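Tertiary structure, described
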Amino acid sequence: REKAFEGYDRLLELLEYLVGNGVSISEVVTSGTPSFTCAIQYPSFSNSFAMGGQEIIHRVSPGTVVFSDHRAEMQNPGLGLQPAAVVYSRVISHPTPSIVTFDAGSKSLAAEVTPVAFVMGHADVLTPLTPSEEHFPQQHDDLSAEEVQRLFGIGSGHLLVPSHICPTVNLAEKAVIIDGDENETLYSVSDVRARAHDVGWEGSMIIQNRK
């Protein structure tokens, strides 16, 4: 927080300079997910603040909080959001007495942040290891063979909380939407519209290679 506040101090100096030189500023967006709680706590920022006779609206823009993920919680301790998008995975093997392997890897979990994901409800007993394309091993140190079979038997399903949900969403073409309460649960399947990228043109193109 101290480093973020130092940055906001310099930002205020820049705003004062710009306003003092006749620049009209109506809105300032200061923070994405990693530091938005710091921006909210910064004393000189409120919903709006006055500077040089101008009323400036202050906003934060944390995108990850829409779905939330493990990294957002680590960057903002105590945020307390529940993840709204998770990856379903099954246990497929116990290659050693201390390893449980899930059928998820870099094809279904964004791999640029490590660890790539945690098993919901079991992050205290499983340590994520490096995944391959389709396998995600996790290590345990204190579970007995009976506990492993009870908690992580072959074929058992579990929910993985990604460390970075934004690119993880882009890896799936379909999403299962779960809605309801303790009395009734509704399931539906939806296309993931964030999937893939537009190539930037329509139709065909002829490219002539000239020597």
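Preceding block: the structure.
The sections below set out a description of the structure shown in this document.

This part covers the overall build of the protein chain. When you go through the protein chain residue by residue, the secondary structure sums to 5 helices and 11 strands. Its C-alpha atoms give the protein chain a radius of gyration of 23 Å, clearly above 17 Å, the size a compact globule of 211 residues would have. Counting only C-alpha atoms and orienting by the principal axes, one finds that the protein chain spans roughly 70 × 60 × 45 Å. Counting all 211 residues of the protein chain, 31% fall into the buried class. A total of about 13900 Å² of accessible surface is found on the protein chain, and carbon and sulfur atoms cover 52% of it. Each charge class in the protein chain was averaged separately, 13 positive and 26 negative side chains, and the resulting centres sit 11 Å apart.

With that settled, consider unusual backbone geometry. Here the amide bond leading from Thr 114 into Pro 115 is cis, since omega sits at -10 degrees, within 30 degrees of zero. Locating Pro 115 in the fold gives a position in the loop between β5 (99–102) and β6 (117–119). Although it is not a glycine, Ser 68 sits at a positive phi angle of roughly 70 degrees. Structurally, Ser 68 is set in the loop between β3 (54–59) and α3 (70–75). What makes Ser 68 buried here is its relative accessible area of 3%.

The next subject is the sheet that holds strand β2 (residues 48–51). An order of β1-β3-β2 is seen for the 3 strands of this open sheet, with the pairing classed as mixed. The open sheet has two free edges, formed respectively by β1 (27–29) and β2, since each of these has just one partner strand. Averaged over all pairs of adjacent strands, the angle between their axes in this sheet comes to 30 degrees, without regard to strand direction. Seen against the sheet, helix α1 (residues 2–20) touches β1, β2 and β3 and runs at an angle of roughly 50 degrees to β2.

Turning to the sheet that holds β6, a few remarks are in order. Spatially, the 6 strands line up as an open sheet ordered β6-β9-β4-β5-β8-β7, and their pairing is antiparallel. A strand with exactly one partner marks an edge of an open sheet, and here the two such strands are β6 and β7 (127–128). Each of β4 (87–96), β5 and β9 (157–162) touches helix α4 (residues 145–152); the most contacted strand, β4, lies at about 155 degrees to it.

Calculation criteria
Residues numbered from 1 in each chain as written. Predicted model: local features only at pLDDT ≥ 70, side-chain atom pairs only at ≥ 80, totals over all residues. Heavy atoms only, no water. Helix = DSSP H or I, 4+ residues; strand = E, 2+ residues; numbered from the N terminus. Rg over C-alpha atoms; globule rule 2.2 N^0.38 Å. Buried < 20%, exposed > 50% of the residue type's maximum accessible area, 1.4 Å probe, protein only. Areas by Shrake-Rupley, 256 points an atom, 1.4 Å probe, with all protein chains shown as cover. Lys, Arg positive; Asp, Glu negative; His and termini not counted. Charge placed at Lys NZ, Arg CZ, Asp CG, Glu CD. Pairing = 2+ DSSP bridges. Axes fitted to C-alpha atoms, helices over the stretch in contact; angles between N-to-C directions. Contact = heavy atoms within 4.5 Å.

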